[in-house]
Amino acid sequence: MAPFVLVTPETVEEAIRELARDARTPTAVLAGGTDLLLDLDEGRLEADRVVSLRRLPWRTLSWDGSVLTIGSTLPLRALEADPSLALRHPALLDAVRAVGGVALRHRATVGGNLGRSAPASDLVPVLLVLDAEVEVVGPSGLRSVEVDRFVRASRETALARAELIRSVRFPEPRPSAYLWQRVRPANDISQLSVAVAFSPSDRRWRIALGGVPPRPLLVPEAAAALGGPVPEEIEVREAAAVMAAHRSLVRDRRASDEYRRKLVGVLLARAVRAATRIGGPPR
Amino acid sequence: MSEGRPVHLTVNGTATSMDELPDDELLLDTLRWRLGLKGTKEGCRTGDCGACTVLVDGETTLSCLTLAREVEGTSITTVEAVARDPVGGAVVAAFAESGALQCGYCTPGFVMALTGLLKEGGRETPLPRLLAELGGNLCRCTGYAAIARAVELARARAP
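Residues numbered from 1 in each chain as written. Chains lettered and ligands numbered in written order. Predicted model: local features only at pLDDT ≥ 70, side-chain atom pairs only at ≥ 80, totals over all residues. Heavy atoms only, no water.

(A) Representation of the sheet that holds strand β11 (residues 176-181) of chain A in the model. Residues and elements named next belong to chain A. Strand order in the open sheet formed by four strands is β11-β12-β13-β14, with antiparallel pairing between adjacent strands. Whereas interior strands pair on both sides, the edge strands pair on one side only; in this sheet they are β11 and β14 (217-218). Docked against the sheet, helix α12 (residues 257-276) engages β11, β12 (192-199) and β13 (204-210), running at close to 35 degrees with respect to β12. (Pairing = 2+ DSSP bridges. Helix = DSSP H or I, 4+ residues; strand = E, 2+ residues; numbered from the N terminus. Contact = heavy atoms within 4.5 Å. Axes fitted to C-alpha atoms, helices over the stretch in contact; angles between N-to-C directions.)

(B) Focus on the pattern of salt bridges. Residue and element names in this part refer to chain A. For the coordinates displayed, the defined rule picks out 37 salt bridges over all chains. Of the charged contacts, one joins R206 and D202 as a salt bridge, the two residues approaching to 2.8 Å between their closest N and O atoms. A relative accessible area of 34% places D202 in the partly exposed class. A salt bridge links E258 to R251; the shortest N-O distance between them is 3.2 Å. (Salt bridge = Lys/Arg side-chain N within 4 Å of Asp/Glu carboxyl O. Buried < 20%, exposed > 50% of the residue type's maximum accessible area, 1.4 Å probe, protein only.)

(C) Broad picture of the packing of aromatic side chains. All told, the structure shown has two aromatic pairs over all chains when counted by the stated rule. When the ring of F198 of chain A is compared with that of W205 of chain A, the centres are 5.4 Å apart and the planes differ by 55 degrees; the resulting orientation is tilted. The same class applies to F198 of chain A as to W205 of chain A, namely buried. Here the aromatic rings of F95 of chain B and F110 of chain B are separated by 6.4 Å at their centres, their planes lie at 40 degrees, and the arrangement is tilted. Here the residue F95 of chain B occupies a position in helix α2 (residues 86-98), and F110 of chain B occupies one in helix α3 (residues 107-121), the gap between them amounting to 15 residues. Assigned by exposure class, F95 of chain B and F110 of chain B land together as buried. (Phe/Tyr/Trp six-rings, centres within 6.5 Å; stacked < 30°, edge-to-face > 60°.)

(D) Region of interest: empty space enclosed by the protein. Inspection of every chain in the model, using the stated rule, returns one cavity of 30 Å³ or more. Quantified by volume, the largest cavity comes out at close to 100 Å³. Considering the residues around the largest cavity, the lining is formed by 14 residues, among which G101, V102 and A103 of chain A together with G136 and N137 of chain B are closest to the centre. Elements with a minimum of two residues in the lining of the largest cavity: α6 (102-105) of chain A together with β4 (59-62) and α3 of chain B. Ranked by residue count, the leading element in the lining of the largest cavity is α6 of chain A, at three residues. Class assignment of the residues belonging to the lining of the largest cavity gives a composition of six nonpolar, seven polar and one charged. (1 Å grid on protein atoms, 1.4 Å probe; cavity = no way out; pocket = protein on both sides within 12 Å on 5 of 7 lines; lining within 4 Å. Points joined across faces, edges and corners; volume = space filled by probe spheres on them. Nonpolar A, V, L, I, M, F, W, Y, C, P; charged D, E, K, R; others polar.)

(E) Looking closely at the sheet that holds strand β1 (residues 5-7) of chain A. All names here are of chain A. Strand order across the open sheet formed by three strands is β1-β3-β2, with parallel pairing between neighbours. Where the open sheet ends on each side, the last strands, each with one partner, are β1 and β2 (27-30). Each neighbouring strand pair of the sheet contributes to a mean axis angle of 25 degrees, computed without reference to strand direction. Sheet topology note: the β2/strand β3 (residues 49-52) ladder contains four bridges and is parallel.

Read these as spatial facts, not as claims about activity.
Structure (structure tokens):
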């Protein structure tokens, strides 16, 4: 690893000040480190200064009625212990359990997953179908950004200089599901993933694709085919056909485009079935 | 480069203070090369194999993806001391009795991962869940059957 100086601010204000000063020094922000340290250790990323968020008061999870807010530095493993998550946001629980192994999830965080913005992120497709909002804090205060606008491309987000992800907010519980396909089921990267959710407030479905470059994304033209809370078989087939024609289903080192086109309809049909099962899928 | 402050860690019950610890040093390297605890293995160094798993304040952690300075002030348990814990002792005995290893390189990681899971959920954890949650640990010799038997045995005996 190329040497760097580790800075560990005690407060949010101190962290922002630290990031704002000295723009010329290449700086990285460290949450759980499970992705960042790899890039630093293998030389894909160079930083002279690494700002650790470990002392900031963001290891939180709170329900305000049915609104869920997750602090950015909460380890993913802690989400698995929340008794309401399986009922209110089943897809989020599925996505969390899809990230690495248990030991990795003891350190990996929601904020880190978003901030690093990997095309194969398991969390981002689910955050998209749940209309999650990213709460960002920086030199000019607090602002809220929709996940769809926050995640721009691989390793690229809407964070401005000296801004940090404080928390992620989920506006309403939704019947939802997240399914993925991998070479190895455990501790691997998804070749393709599909997240679905039905919003009880606007009575519409959301569908997102993951595991494809350049970033996970919503497919509203497929979701429009689904209709009501329990879609008909023919509606699911129509949505699947729209998905199969999606321009993001390309060939890369993880899967061929033919395989992805065949797979996407299978994952979609299973995900819709899982999300519409009363009480969600068994787990 | 270093912040220069000494780093305090409790490793296997012994308080340790290190003055010259570089800021960029991974916990894995601190344990193996600074403290000589070579039971913790470097497999992939990318978080894919689980061979470097240790307990940090009782939680399983990949020491190859953790900076030593990030766990300052915590208590770390490595495979060298895991058998002092009643759960860890049951896990070590179960691996030995089940012949759950061939080359043995992955064994410290499996022992630490299973000890962490059993300490977290106890013997109530359903066996399939336990096996699924060991998915972060790779073994390239055994074919896993003997490891699965060791998991079942350790679970039945865990205090």
